Structures are given as C-alpha cells and as structure tokens.
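Given next are the chains, with one letter for each unit.
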Amino acid sequence: MNIDDQELIALFEGLDTPGVSDAMDKLGLLGQCLGIAPLDNYRKVIVGPAFTVQYVSASVPPGTVGDFIEDVAVGDVVVIDNGGRTDCTVWGDIMTQYAGSRKIAATVIDGVCRDVNKALGDGYPIFSKGRFMRTGKDRVQVQSVNQPVSIGTVRVCARDIVVADANGVVIVPRDRAAEVAACARQIEAVEADIRTMIGQGKTLKDARDALGYHGLQRKI
C-alpha cells in the first residue's frame, strides 16, 4: 500500500458504513453493495483500496483460480466479481490462510465462499452473497485483475476505497473519497448532537427538527 492509499484510508478513521452510505446518498453516488453480507458481525470497520478480480466460466482447458493472490498488497481488500454466481465458490480455507498471512484486509465476493469455519476461526473478514461448499475449480477461472468489475449494481475500479463492517460494504470512488469522508463526518456530527440532546431530555422529534435530521442524506 502506497502513501496515497494510506492518506485516503486515514480520512475514514472512526467512520462506519451507515455514515458513508448517507454521504454517498447526499452526493448522488451509488456505492452500496446490495446483497453482499458479512460472514460475521465484525466489530471493526475495514477500510482499504480495492484489488479487483473478475471470474468467468472456465474454458477448455480451464484457467487458474487463485494465483492473483501473490500480487495483492498488505492492507488491500480483494474484490471478486463472480457474476453473482452461487453454484460454486471462488474462496476457501487455503485462500483465507494465505490472505491472512499476507495481512490482506478482507475479501468481498459477488458470489459465495466456503470453509467458513476457517475464516471465522482466524477472524479473517469475508463479505459475500452466501456460502456454499462446491468448488469453483474447473467451473470458473480468473479473467482479469485490477480492471473495472461489478459487485451487484456497483462498479468497482482498482484502488477505489472499500468500507466494510457488520452492516455490509460500500465502495467509494477513489477520486471522490475525500469529499465522501468529509460529508460523512458532517452527518455523523449532527447525529451525535441529536443523541446528546435526547440524553438531556429533549424529545426525538424536537432534536431531529432542530438539527435537520430528515435532510441529512438528501441529495445536494
């Protein structure tokens, strides 16, 4: 991970996916990965640059399925586009072990994973459409790496910023990252003030009305 990556990641320190999602809404950006769920209720918020991988149906003879892992940098989030397929997996225990040993931040899959006990036991974060035991070997193969991919309806380019936690995954376009982070902080500051006001005895309606809660995420 280079210095520019580290600087962008630092902008999201203390933020979470709900706050980032609201900021994306306000800025008119689509980044919420519908149908992609965390394998566990992770307490930590994962933030990292996307290393994108696209899978396609296997050719004859079939191509490789996991060799790209050698090129993923420390702190990257592997983002795999398997076209939403749920009939075979693209991530299992060997990938989990190796990714963890290389200090890769997490894996996001538009598809399914397997060997979930290994990921849960190691605390390696995976976000996917589900879990299924059937191997992807001889069924799918890597088509490209670090090219634009789709995770559901969200387009992901290499080095976009991935924010993921127990709520799911948000993709922030790299060139809008600073703007999104600043907007999210403004929204969360207002919500913190609302919590303070209701803690002091104000009604929720009065606190929300006073601080403009209902327009926080409204598109500019």
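Where an unreviewed UniProt entry is consulted, the protein appears under the name Putative 4-hydroxy-4-methyl-2-oxoglutarate aldolase, with the organism given as Pseudomonas silesiensis.

## A look at the domain arrangement of the protein
Structurally, the protein comprises domain 1 (3-174) and domain 2 (181-215). Placing the centre of domain 1 and that of domain 2 at their C-alpha centroids yields a distance of 33 Å. Of the residues lining the interface, 13 residues belong to domain 1; the matching set on domain 2 comes to eight residues. Roughly 790 Å² is buried in total at the junction of domain 1 and domain 2, and carbon and sulfur atoms are behind 60% of that figure. Across the contact surface, domain 1 and domain 2 share zero salt bridges. Run the count over domain 1 and domain 2 and you get two residue pairs in polar contact (both at pLDDT 80 or more). With five residues, helix α2 (residues 17-26) is the largest single contributor of residues to the side of domain 1 that touches domain 2.

## Some thoughts on the UniProt feature "binding site: Mg(2+)" (unreviewed entry) in the protein
UniProt tags D115 as "binding site: Mg(2+)" (unreviewed entry). On the basis of relative accessibility, which here comes to 30%, the residue D115 falls in the partly exposed class. Among all residues touching D115, those that are not within four sequence positions of it are G92 and D93. Here the side chain of D115 touches D93 through a polar contact of 2.9 Å, landing on its backbone nitrogen.

## Here's the deal with the side chain of T89
Topologically, T89 is positioned in strand β3 (residues 77-89). Residue T89 is classed as buried on the basis of its relative accessible area of 5%. For T89, the side chain forms a polar contact with the main-chain oxygen of W91, separated by 3.0 Å. Residue contacts for T89: discarding those within four places in its chain leaves V112, C113, R114, F132, R134, T135 and G136.

## A short note on the side chain of D110
As for its position among the elements, D110 is in strand β4 (residues 106-113). At 3.1 Å, the side chain of D110 forms a polar contact with the backbone nitrogen of G152. Not counting residues up to four positions away in its chain, the partners in contact with D110 are I36, I80, D81, N82, G83, G84, R85, K129, S150, I151 and G152.

What counts and how
- Residues numbered from 1 in each chain as written.
- Predicted model: local features only at pLDDT ≥ 70, side-chain atom pairs only at ≥ 80, totals over all residues.
- Heavy atoms only, no water.
- Domains from an automatic or database assignment.
- Contact = heavy atoms within 4.5 Å.
- Buried area = accessible area lost by both parts, 1.4 Å probe.
- Salt bridge = Lys/Arg side-chain N within 4 Å of Asp/Glu carboxyl O.
- Polar contact = N/O pair within 3.5 Å; in protein donor to acceptor, adjacent residues only side chain to side chain.
- Helix = DSSP H or I, 4+ residues; strand = E, 2+ residues; numbered from the N terminus.
- UniProt positions renumbered as here; feature names shortened; annotations may be inferred.
- Buried < 20%, exposed > 50% of the residue type's maximum accessible area, 1.4 Å probe, protein only.

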